[in-house]
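One letter stands for each residue in the lines below.
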Amino acid sequence: NAGVTQTPKFRILKIGQSMTLQCTQDMNHNYMYWYRQDPGMGLKLIYYSVGAGITDKGEVPNGYNVSRSTTEDFPLRLELAAPSQTSVYFCASSHGRDSGSPLHFGNGTRLTVT
Amino acid sequence: EDKVVQSPLSLVVHEGDTVTLNCSYEVTNFRSLLWYKQEKKAPTFLFMLTSSGIEKKSGRLSSILDKKELFSILNITATQTGDSAIYLCAVEGPYYGNKLVFGAGTILRVKS
């Protein structure tokens, strides 16, 4: 059982470049999330989705976009990379709000923008 | 604004010591508090607490919630080097989608 899988593990981007961080889960979870983690700052929610076709902004959505065309996949798009987007990005999933289930995290993508 | 504050920010102990990590929160319409352990990669779930005064226990780790005073503690007894990690506290409010508000974490280092 793979759980939550993120690719790539590492990436270096130049300012202004674009990229997509991939996330897929095989647990049939309805809820999926993208967090970023900066040193000493904890995890901040970027976007989340409660099911295929439904997405919504989290705490720090600027500079990012998401889509959710299937239950399994929740890619995160950076259109014009900026140094402030240097961070570690975690994708997570859960059964849903009322199930009492905690988040299951992927192993993260370390992104550097120079 | 919802807020989760963890203390201390970092801690160095020797194997065998007991440690207490703190988490205080200000969240509208609190639903649950969760503890995660993060080693090199993904955070892994430790405990979910929803009721005051009921201790959750797993081996040498235990946690309790005080909803009146708005805090939780995570205790680790007889620490081992494998307990070295970042411990994250997160609180769930009433938001659609069970979004979590995370604290900055406590970095624990256990020396042999």
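To start, this report covers the structure provided alongside it.

Definitions and cut-offs
- Residues numbered from 1 in each chain as written.
- Chains lettered and ligands numbered in written order.
- Predicted model: local features only at pLDDT ≥ 70, side-chain atom pairs only at ≥ 80, totals over all residues.
- Heavy atoms only, no water.
- Contact = heavy atoms within 4.5 Å.
- Buried area = accessible area lost by both parts, 1.4 Å probe.
- Salt bridge = Lys/Arg side-chain N within 4 Å of Asp/Glu carboxyl O.
- Polar contact = N/O pair within 3.5 Å; in protein donor to acceptor, adjacent residues only side chain to side chain.
- Helix = DSSP H or I, 4+ residues; strand = E, 2+ residues; numbered from the N terminus.
- Nonpolar A, V, L, I, M, F, W, Y, C, P; charged D, E, K, R; others polar.
- Pairing = 2+ DSSP bridges.
- Axes fitted to C-alpha atoms, helices over the stretch in contact; angles between N-to-C directions.

1. Details of the interface of chain A and chain B
Each partner contributes to the interface: chain A provides 24 residues, whereas chain B provides 21 residues. Together, the buried faces of chain A and chain B total about 1,900 Å²; carbon and sulfur atoms form 56% of this surface. Counting across the chain A and chain B interface gives zero salt bridges. Our enumeration of links across chain A and chain B arrives at three residue pairs in polar contact (both at pLDDT 80 or more). Only β4 (31-37), β5 (43-51) and β9 (87-94) of chain A provide two or more residues apiece to the side of chain A that touches chain B. For the side of chain A that touches chain B, the residue count by class is twelve nonpolar, nine polar and three charged.

2. So, the sheet that holds strand β1 (residues 4-7) of chain A
All names here are of chain A. Strand order in the open sheet made by the four strands is β1-β3-β8-β7, with antiparallel pairing throughout. Where the open sheet ends on each side, the last strands, each with one partner, are β1 and β7 (64-66). Strand-to-strand twist across the sheet, computed as the mean angle between neighbouring axes with direction ignored, equals 20°. In terms of strand pairing, β7 meets strand β8 (residues 76-78) through three bridges, oriented antiparallel. Residue pairing across strands places N65 opposite R77, the latter belonging to β8.

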